[in-house]
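# Topology and contacts: notes
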Amino acid sequence: MALVLLAPQAGTAADPAQPGSGAGHRLTGSASPYLLLHADNPVEWYPWGPEAFTRARAEDKPIFLSVGYSTCFWCHVAERTLYSDPAIAAQMNRWFVNVKVDREQRPDVDRVYMHARQLLSGTGGWPNNVFLTPDREPFFAGSYFPPKRDEHGNAGFPEVLEAIHLAWATRRADVVATARRVQQALRRVGAAGDGNATAAVEPARWTGSALRALLDRFDDFQGGFLEGDRPMKFPRSPTLGLLLARQGTSNEAALARALTESLDAMAYGGIQDHLAGGFHRYSTDPDWSVPHFEKMLYDNAQLLRVYAQAYARFGVPLYRETARRTGRYLATRMRSPEGGFYTAEDAQVDGVEGASYVWTAEEITEALGPDDARRFLDVYALEIVPHSAAALRAAGAPVAEDGGVLRVRRPVSEALERSGHGTVMAMLDALEPARAALLRRRDQRPAPMRDEKLGVDLNGLAIDGFSAAGQALGEPEFVDIARRAAQHVWAAAYDEGTGALAHQVFRGRASGDGFLADYAHLARGLLTLHAVTGEDVWRERAGRLADAMLARFAGADGRLNLAPAAGELPVQLPEEGDLDAPSGTSAAIQVLVDLGSFTGGGRYAEAAARALPHLAAELARYPDAWPALLSALQAPAAGAVIQAARGVKGAASATPGQGGALRTSADFVRVASRVDAAGTRVVITLHVAEGYHVNANPASEDFLIPTQVHFAGTTPVRVVYPPARRFQPSFMDTALAVYEGEVSISADFDSGAAALAAGAAAVTVQACSDTVCYPPSRIPVPGR
């Protein structure tokens with residue numbers, strides 16, 4: 001589908017005009033640190049919007065769209081070598097309308113034009129540079145273009161600009177034909193999710209297929225999951241979360257091995273910052289040695305949760321310490337004074353990637369002294385960072401040839417033997433003074449740039465991570481950090497009057513309409529905070545976000561859209577799964593399932609049931625791409641949603657209460673009451689339908705809702721719940737404490753109060769069969 005460009009020839013194009021005055025100042029007031037980096041370029045940059053599109057149509061010029069983000073290494077190289085060059089800027093200004101986009105600010109724009117890039121060139125990555133018609137239809141794309149033709153024969157950016165200008169001027173029909181073909185392909189992708197649901201809703205089959213695919217990609221030798229033929233490895237936190245969610249199931253041993261060996265490899269590897277804590281973006285090699293050095297909030301927020309919950313599951317001290325160090329890194333390096341969390345830290349300083357993090361043995365010896373340095377280097381290896389020296393030099397950047405990044409020596413057993421300590425944690429704890437000394441020395445170096453915008457969706461991940469980790473680790477400080485972040489983001493980004501949520505906050509100013517992911521991730525974080533603290537304000541706010549989310553993003557057929565409207569995009573594309581973080585769709589369905597469990601089903605659970613069939617075909621084809629959604633569907637409360645989703649025959653025709661109407665626990669439990677002759681005791685009797693049970697009090701697991709009696713306006717002297725029976729459900733490996741058939745609960749009161757109490761009582765129950773649990777119900781107790 002690529003456009004064949006005319007090669008530029010001497011004398012075929014007029015000399016480009018010099019850039020106009022104030023060329024880049026349209027970006028000066030931006031709420032994006034990435035756009036602000038380009039505000040003083042001689043390029044006449046426009047932000048994405050109608051002003052640029054109107055000019056392109058009026059002057060009949062193509063649009064040069066450049067998408068990047070603040071911690072993208074080659075985006076910085078392009079800013080220095082291309083967009084700061086007056087001669088190149090003159091070409092861009094004369095022949096094109098130039099638009100600069102921060103992918104973190106406009107993920108919808110990024111998604112469409114990255115897909116276009118893949119259609120045009122078969123490549124991806126950032127910067128993503130795409131040439132568009134004035135109608136915003138893409139026809140040519142690439143990534144970083146060198147400032148002049150390189151030794152591999154790749155055309156320099158001035159050549160590319162001139163060739164595209166000539167093609168637009170002399171071969172317009174070919175350009176437009178290419179653009180139309182790409183546009184049609186994009187529309188087909190966008191329309192793929194628009195039809196009615198046709199695939200069966202089969203979460204058990206999806207999960208089984210996903211786990212088999214993940215285990216096939218598991219690296220038995222070095223941990224983690226193989227990325228096709230690529231040498232790099234990513235944390236893939238949603239995948240790790242699914243493996244955690246499936247612990248205790250029939251294939252636990254294989255899943256536990258894949259999970260723990262991956263967690264071990266990352267904790268020991270160079271992808272972890274062993275001095276300050278936290279994780280770099282990914283490993284450039286299969287054995288986790290040399291990272292790509294940027295540090296992202298979304299990775300660290302999720303890994304905080306994963307390591308903390310892995311510690312709660314397996315009791316491995318390394319996981320506890322890794323989670324604590326990750327939390328401390330986020331709290332000290334990535335938190336704003338008001339309590340919200342910044343987006344990312346850059347990978348490079350002065351053009352050299354990793355310059356802040358690499359060491360030589362000589363530097364370590366100088367900092368620690370010979371004896372301590374020897375002991376330190378017996379445990380920690382220096383993995384030499386193989387900079388792409390030729391490419392960096394061609395870009396005008398200095399190259400550090402002999403720097404290495406710290407990682408725990410392999411095999412760890414040999415490092416442990418050399419250290420003389422009995423356990424890994426004793427070995428690592430003994431080196432804490434040395435690590436602190438090296439960190440103090442490192443902190444004297446120039447620090448990487450930090451992107452200080454607060455992404456609402458990313459802060460939702462952080463609130464969720466700190467809340468869950470605080471509970472799992474017994475760290476109340478982490479819960480306080482989550483609470484403060486939630487208070488700040490709510491105050492800064494939520495409009496109490498309209499119910500609208502902003503996409504980000506920068507320098508105290510909220511901006512951008514929130515996307516589905518913003519509402520869903522923040523609501524999910526608030527629900528986790530509520531579950532940990534018991535504070536109702538967080539559940540109430542999560543409900544308000546869910547209401548606004550459904551009003552803004554739920555289509556008439558139940559589908560969840562990603563943005564309020566396509567607007568000025570040529571097409572709106574569906575999400576492709578839970579890659580580096582849970583997708584907005586997966587997070588939204590989890591929020592709806594969880595809220596449904598609190599409210600006894602209702603419209604939240606029904607909305608989840610109507611949304612799920614639209615994902616069924618994608619989940620059937622690529623189940624391992626949706627680990628966060630599969631994790632959400634493991635929860636007992638999801639059982640009723642799944643059952644209702646199977647009743648949605650076609651999303652376009654499904655309406656609330658038809659076909660997929662939800663049953664709740666109240667459908668399977670009848671309640672009666674009586675007051676004794678003395679007026680001091682209320683006996684409440686539950687009649688549970690045959691084939692069903694309700695959870696006992698106390699419930700067997702924290703995530704199960706116990707049967708509980710509530711009295712409004714009065715407090716009983718005591719409440720006595722009956723003994724439980726043991727029940728072995730097919731969906732769990734352990735027996736549960738339940739009530740079946742007819743059971744009675746008694747409540748004692750002071751003289752004469754029982755009759756009044758009986759008329760103001762209710763019972764919360766969660767009913768289950770052998771295969772599914774229904775949303776809990778709060779059932780009023782009839783009086784005498």
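Quick caveat: nothing in here was measured; it's all calculated off a predicted structure.

### Structural notes on the overall build of the protein
Across its full length, the protein carries 28 helices and 28 strands. Burial status across the protein gives 58% buried among its 784 residues. At a minimum sequence separation of 6, the contacts of the protein that also span at least 24 residues come to 71%.

### A word on the pairing of strand 3 (residues 97–102)
In terms of burial, strand 3 is a largely internal element, six of the six residues being buried. Both faces of strand 3 are covered, namely the face carrying Val 97, Val 99 and Val 101 and the face carrying Asn 98, Lys 100 and Asp 102. Bridge count for strand 1 (residues 45–47) against strand 3 is three bridges, and the pairing is parallel. Note on strand 3: the bridge partner recorded for Pro 47 is Lys 100. Examined bridge by bridge, strand 2 (residues 63–68) and strand 3 share six bridges and lie parallel to one another. Residue pairing in the sheet places Phe 64 in a bridge with Asn 98 of strand 3.

### Considering the environment of Cys 75
Checked against the element boundaries, Cys 75 lands in helix 3 (residues 73–83). Residue Cys 75 is classed as buried on the basis of its relative accessible area, which comes to 2%. As for Cys 75 and Tyr 34, which are separated by 41 residues in sequence, their C-alpha atoms are 9.3 Å apart. Contact partners of Cys 75, with chain neighbours within four places excluded, come to Tyr 34, Gly 68, Tyr 69, Trp 126 and Pro 127.

### Describing unusual backbone geometry
Cis geometry marks the peptide bond from Trp 126 to Pro 127; its omega dihedral reads 5 degrees. Mapped onto the elements, Pro 127 comes out in the loop between helix 5 (107–121) and strand 4 (128–132). Put simply, Asn 697 and Pro 698 share a cis peptide bond, and its omega is 5 degrees. A positive phi angle, close to 50 degrees, is found at Arg 236, a residue other than glycine. Judged by its relative accessible area of 17%, Arg 236 is buried. Residue Trp 288 is not a glycine yet carries a positive backbone phi of 65 degrees. Tracing the backbone through its elements, the reader meets Trp 288 in the loop between strand 6 (282–283) and strand 7 (291–292).

### What to know about the pattern of salt bridges
Applying the stated rule across the entire model yields 48 salt bridges. Close ionic contact of Lys 453 with Asp 451 constitutes a salt bridge, the shortest N to O distance being 2.7 Å. Assessed through its relative accessible area of 2%, Lys 453 is described here as buried. On the basis of relative accessibility, which here comes to 0%, the residue Asp 451 falls in the buried class. Each of Glu 227, Arg 230, Arg 236, Arg 281, Asp 299 and Asp 580 takes part in one network of salt bridges that share partners.

### Things to note about the state of the cysteines
Considering all chains together, one arrives at one disulfide under this definition. Note that Cys 72 is cross-linked by a disulfide to Cys 75, the S-S spacing being 2.3 Å. Between Cys 72 and Cys 75 the disulfide shows an S-S torsion of about 80 degrees. By sign, it is right-handed. On the basis of relative accessibility, which here comes to 3%, the residue Cys 72 falls in the buried class.

### What about the sheet that holds strand 27 (residues 767–768)?
Strand order in the open sheet made by the four strands is 23-24-20-27, with antiparallel pairing throughout. Here the strands that pair on one side only, and so sit at the sheet edges, are strand 23 (725–727) and strand 27. Bridge count between strand 20 (residues 693–695) and strand 27: two bridges; the pairing is antiparallel. Bridge pairing in strand 27 links His 693 to Cys 768.

### Examining the packing of aromatic side chains
Counting across every chain of the model gives 27 aromatic pairs. Seen in terms of ring centroids, Phe 73 and Trp 74 are 5.2 Å apart; in terms of plane orientation they differ by 85 degrees. Their pairing is edge-to-face. You can call Trp 74 partly exposed: its relative accessible area is 28%. Seen from their ring centres, Phe 145 and Phe 157 are 5.5 Å apart, and the 15 degrees between their planes marks the pair as stacked. Taken as a pair, Phe 145 in the loop between strand 5 (138–142) and helix 6 (157–170) and Phe 157 in helix 6 lie far apart in primary sequence, twelve residues in all. Per residue, the accessibility class of Phe 145 equals that of Phe 157, and both read buried. Among the aromatic residues, those joined into a cluster by ring pairs are Trp 45, Phe 64, Tyr 83, Phe 96, Phe 131, Phe 140, Phe 145 and Phe 157. The ring of Trp 45 has Lys 100 lying over it, and the distance from NZ or CZ to the ring centre is 4.7 Å.

### Some words on the confidence of the model for the protein
Averaged over every residue, the pLDDT of the protein is 86; the share at 70 or more is 87%. Overall, residues 388–400 carries pLDDT values under 50, and its contacts beyond four positions in sequence, including any with other chains, amount to 23 contacts. A low-confidence stretch, residues 650–661 (pLDDT under 50), is modelled with 21 contacts involving residues beyond four sequence positions or located in other chains.

### A look at the sheet that holds strand 15 (residues 454–455)
Strand order in this open sheet of three strands is 15-16-17, and the pairing throughout is antiparallel. Lying at the two open borders of the sheet, with one neighbouring strand each, are strand 15 and strand 17 (509–513). Summarising the sheet, strand 16 (residues 502–506) and strand 17 pair through four bridges and their orientation is antiparallel. Within strand 17, the position partnered with Phe 506 by the bridge is Arg 509.

### A look at helix 16 (residues 412–419)
For helix 16, the complete set of buried residues consists of Val 412, Ala 415 and Leu 416. Taken around the axis of helix 16, the buried residues stretch over an arc of 100 degrees, which confines them to a single face. Summarising the contacts, the buried residues of helix 16 are in contact with helix 10 (252–268), helix 14 (370–379), strand 13 (404–408) and helix 17 (424–430). Positive backbone phi, approximately 80 degrees, marks Gly 420, located one or two places after helix 16.

### Notes on the packing of helix 23 (residues 584–599) against helix 24 (residues 602–611)
Packing of helix 23 against helix 24 leaves a shortest axis separation of 7 Å and a crossing angle of 145 degrees. Considering the relative orientation of helix 23 and helix 24, their crossing is left-handed. Residues Ile 589, Leu 592, Val 593, Leu 595, Gly 596 and Thr 599 of helix 23 form the contact with helix 24, whose own contacting residues are Tyr 604, Ala 605, Ala 607, Ala 608 and Ala 611. For the contact of helix 23 with helix 24, the class distribution of residues is nine nonpolar, two polar and no charged.

### Some words on the side chain of Ser 597
Inspection of the secondary structure assignment puts Ser 597 in helix 23. In terms of polar contacts, Ser 597 uses its side chain to reach the backbone carbonyl oxygen of Asp 594, at 2.5 Å. With sequence-adjacent residues up to four places away left out, Ser 597 is seen in contact with Ala 637 and Pro 776.

### As for the side chain of Asn 98
Position of Asn 98 among the secondary structure elements: in strand 3. For Asn 98, a relative accessible area of 1% corresponds to the buried category. In this structure the side chain of Asn 98 is engaged in a polar contact, spanning 3.2 Å, whose partner is the backbone oxygen of Met 92.

### Examining helix 5
Compared with the 21 Å implied by 1.5 Å per residue over 15 residues, the 21 Å span of helix 5 between its first and last C-alpha is a close match. Within the sequence span of helix 5, burial applies to Asp 108, Val 109, Asp 110, Val 112, Tyr 113, Met 114, His 115, Ala 116, Arg 117 and Leu 120. After helix 5 finishes, the residue Gly 122 shows a positive phi value of roughly 75 degrees.

Cut-offs applied
Residues numbered from 1 in each chain as written. Predicted model: local features only at pLDDT ≥ 70, side-chain atom pairs only at ≥ 80, totals over all residues. Heavy atoms only, no water. Helix = DSSP H or I, 4+ residues; strand = E, 2+ residues; numbered from the N terminus. Buried < 20%, exposed > 50% of the residue type's maximum accessible area, 1.4 Å probe, protein only. Contact = heavy atoms within 4.5 Å. Pairing = 2+ DSSP bridges. Salt bridge = Lys/Arg side-chain N within 4 Å of Asp/Glu carboxyl O. Disulfide = S-S within 2.5 Å. Phe/Tyr/Trp six-rings, centres within 6.5 Å; stacked < 30°, edge-to-face > 60°. Lys NZ or Arg CZ within 6 Å of the ring centre and 35° of its normal. pLDDT = per-residue confidence, 0-100. Arc of directions from axis to C-beta. Axes fitted to C-alpha atoms, helices over the stretch in contact; angles between N-to-C directions. Left-handed = near helix turned anticlockwise from the far one by under 90°. Nonpolar A, V, L, I, M, F, W, Y, C, P; charged D, E, K, R; others polar. Polar contact = N/O pair within 3.5 Å; in protein donor to acceptor, adjacent residues only side chain to side chain. Expected span 1.5 Å × (residues − 1).

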